[in-house]
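Structural overview
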Amino acid sequence: MSYFSSNFKLGILGGGQLGKMLLNETRKFDIYTCVLDASDEAPCKIACNEFYKGDLLDYKTVYEFGKKVDVLTFEIENVNVDALETLEKEGKKVYPSSKTLRTIQNKATQKLFYLDHNIPTAAFSRFAYTSEIEDAISNGGLQFPFVWKSAQFGYDGNGVKVVRTIDDLKDLPNTECIAETMIPFKNELAVIVSRNVKGDIKTYPVVEMEFHPEANQVEYVICPARIDEEVAKKAQDIALKVSNAFNHVGLLAVEMFQTKDDDILVNEVAPRPHNSGHQTIEASYTSQFEQHLRAILNLPLGNTDSKVAGIMVNLVGAEGYNGNVLYKNIETIMDMNGVTPHIYGKKQTRPFRKMGHVTIVNENLNEARKVAETVKNTIKVISE
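Everything numeric here is computed off the predicted structure, so don't read it as measured data.

What counts as what
Residues numbered from 1 in each chain as written. Predicted model: local features only at pLDDT ≥ 70, side-chain atom pairs only at ≥ 80, totals over all residues. Heavy atoms only, no water. Helix = DSSP H or I, 4+ residues; strand = E, 2+ residues; numbered from the N terminus. Buried < 20%, exposed > 50% of the residue type's maximum accessible area, 1.4 Å probe, protein only. Contact = heavy atoms within 4.5 Å. Areas by Shrake-Rupley, 256 points an atom, 1.4 Å probe, with all protein chains shown as cover. Expected span 1.5 Å × (residues − 1). Phe/Tyr/Trp six-rings, centres within 6.5 Å; stacked < 30°, edge-to-face > 60°. Lys NZ or Arg CZ within 6 Å of the ring centre and 35° of its normal. Pairing = 2+ DSSP bridges. Axes fitted to C-alpha atoms, helices over the stretch in contact; angles between N-to-C directions. Core = buried A, V, L, I, M, F, W, Y, C linked by side-chain atoms within 4.5 Å. Polar contact = N/O pair within 3.5 Å; in protein donor to acceptor, adjacent residues only side chain to side chain.

**Thoughts on the overall build of the protein**
What the protein contains, in helices and strands, is 11 helices and 21 strands. Each of the three principal axes of the protein carries a C-alpha extent, and together these read 65 × 55 × 45 Å. Every one of the 384 residues in the protein was classed for burial, and the buried ones make up 55%. Across the protein, the fraction of contacts at a sequence separation of at least 24, relative to all contacts at a separation of at least 6, is 63%. Within the structure as shown, the protein displays about 16,900 Å² of accessible surface, and the carbon and sulfur contribution to it stands at 47%.

See the structure below:
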């Protein structure tokens, strides 16, 4: 099938920043795109060929949209999987598959999948309702501290809370959830695996994530990770094991903990382009977004090596600001060598909302990390 400058249509469920960055690549290759999103102000709207407004969790909406395109992919997990399953049964190509997405969508199911496939992960208990946790604590089945995670619809620190005392349970939604043993880790790592339809597979270098202590959001993504080669090899091997277990097509971002003893435990995965791969746009031979396209269209996979060291800084809305966004001091950071801002196209800012990211590239990783700190302290996402 010809994808380039042809009648082929690629459908993308979700119109956020990941879709927008994917559309940079479809435009580079002249691939015709259709996007479905619930918001009229979706960042993707300006960059796709056809934009449809609709609810991603509505069966009929997703099904009807899927009928219009040749291959369907997504940039967000919260979509109607039943509709994807029907489309697949009718011969529509959906990558990653509905089966992969169904397993990953629910954190409890995802964790059970790791156990079934001997993939190392933190110990956990599963609860139908948060209210059942108190009984488990009182009868000794669960010890403080632990990490509470909503089974469905959690992302970017939403639906996740560290529980140290009984009071910490108070404001949590009474929903299906897991309670996970808190791992004393020294690093959070991630590996992005790409796999095309015929089964060719490649991994990107291991990245290290530095988190914001309050927002539970990634502050810096550092590539390559500052870890021993042995640990990096172990992380990549486990990421490949996860990929093989899912037999997925497209990108799979595998987030992991490096424990105090240098064991690697899988935290969770995302079957799409991911925050931990944004630095690949400037730092790698093939960006994660181009690689996702190559994989789902069964094209040869690109070179995943880095050209230079890369660090990504998330641009999130500053606390105390709501309203029309203003990027204060953006000219100052653009005057620095190797600094590239990416603005996602969200007109309204609010505290901790992801509004963009900045990539810092340098031959020297330590130098890049210093510049990243300066960038972080200089640019402010505020409102007018």
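**Concerning helix α1 (residues 17-29)**
Between its first and last C-alpha, α1 extends 19 Å over 13 residues, near the 18 Å set by a 1.5 Å rise per residue. Along α1, the residues classified as buried are Q17, L18, G19, K20, M21, L22, L23, E25 and T26. Directly beyond the C-terminal end of α1, a positive phi value near 55° is found at D30.

**Points about the packing of aromatic side chains**
A full pass over the atoms with the stated rule returns nine aromatic pairs. Between Y52 and F65, the ring centres sit 5.7 Å apart and the planes meet at 70°, which makes this aromatic pair edge-to-face. Remark: F65 occurs in helix α2 (residues 59-67) and Y52 occurs in strand β3 (residues 50-53); sequence separation between them is 13 residues. For F65, a relative accessible area of 2% translates into the label buried. With a centroid separation of 4.1 Å and an interplanar angle of 15°, the aromatic rings of F113 and F246 are classed as stacked. Here F113 is found in helix α5 (residues 107-116), whereas its partner F246 is found in helix α7 (residues 229-246), with 133 residues between them in sequence. Here F113 matches F246 in class, with each residue buried. Over the ring of F29 we find K28; its NZ or CZ atom is 5.4 Å from the centre of that ring.

**Things to note about the sheet that holds strand β8 (residues 160-163)**
With antiparallel pairing, the four strands of this open sheet are ordered in space as β6-β9-β7-β8. Two strands in the sheet have a free side with no partner beyond their single neighbour: β6 (124-127) and β8. Strand-to-strand twist in this sheet, taken as the mean axis angle between neighbours without regard to direction, amounts to 20°. Judged from the four bridges that link them, strand β7 (residues 146-150) and β8 form a sheet pairing that is antiparallel. Paired with K149 across the strands is V160, a residue of β8.

**A look at the nonpolar core**
In this structure, V242, M256, V266 and V269 are the most contacted members of the largest nonpolar core, which totals 23 residues. With seven residues, α7 is the largest single contributor of residues to this core. Counting residues in hydrophobic clusters, the runner-up holds 22 residues, among them Y3, C44, C48 and F289.

**Quick look at the environment of I104**
Its location among the elements puts I104 in helix α4 (residues 98-105). I104 sits 23 residues away from F127 along the chain, and the two C-alpha atoms are 17 Å apart. Excluding residues within four positions of it along the chain, I104 makes contact with E77, Q110, F246, L252, V269 and P271.

**Some details on the environment of E268**
Relative to the helices and strands, E268 is located in strand β15 (residues 264-270). The spacing of E268 and M256 is 12 residues in sequence and 7.2 Å in space, taken between C-alpha atoms. Setting aside residues no more than four positions away along its own chain, E268 makes contact with K107, Q110, Y114, K149, A253, V254 and E255.

**Concerning helix α11 (residues 365-378)**
Taking 1.5 Å of rise per residue, 14 residues should cover 20 Å, and α11 covers 20 Å from first to last C-alpha, within 8% of that figure. Inspection of α11 places L365, A368, R369, V371, A372, V375, K376 and T378 among the buried residues, and these make up the whole buried set. The distance from a side-chain oxygen at the start of α11 to the backbone nitrogen of N366 is 2.8 Å, and the residue carrying that oxygen is N364.

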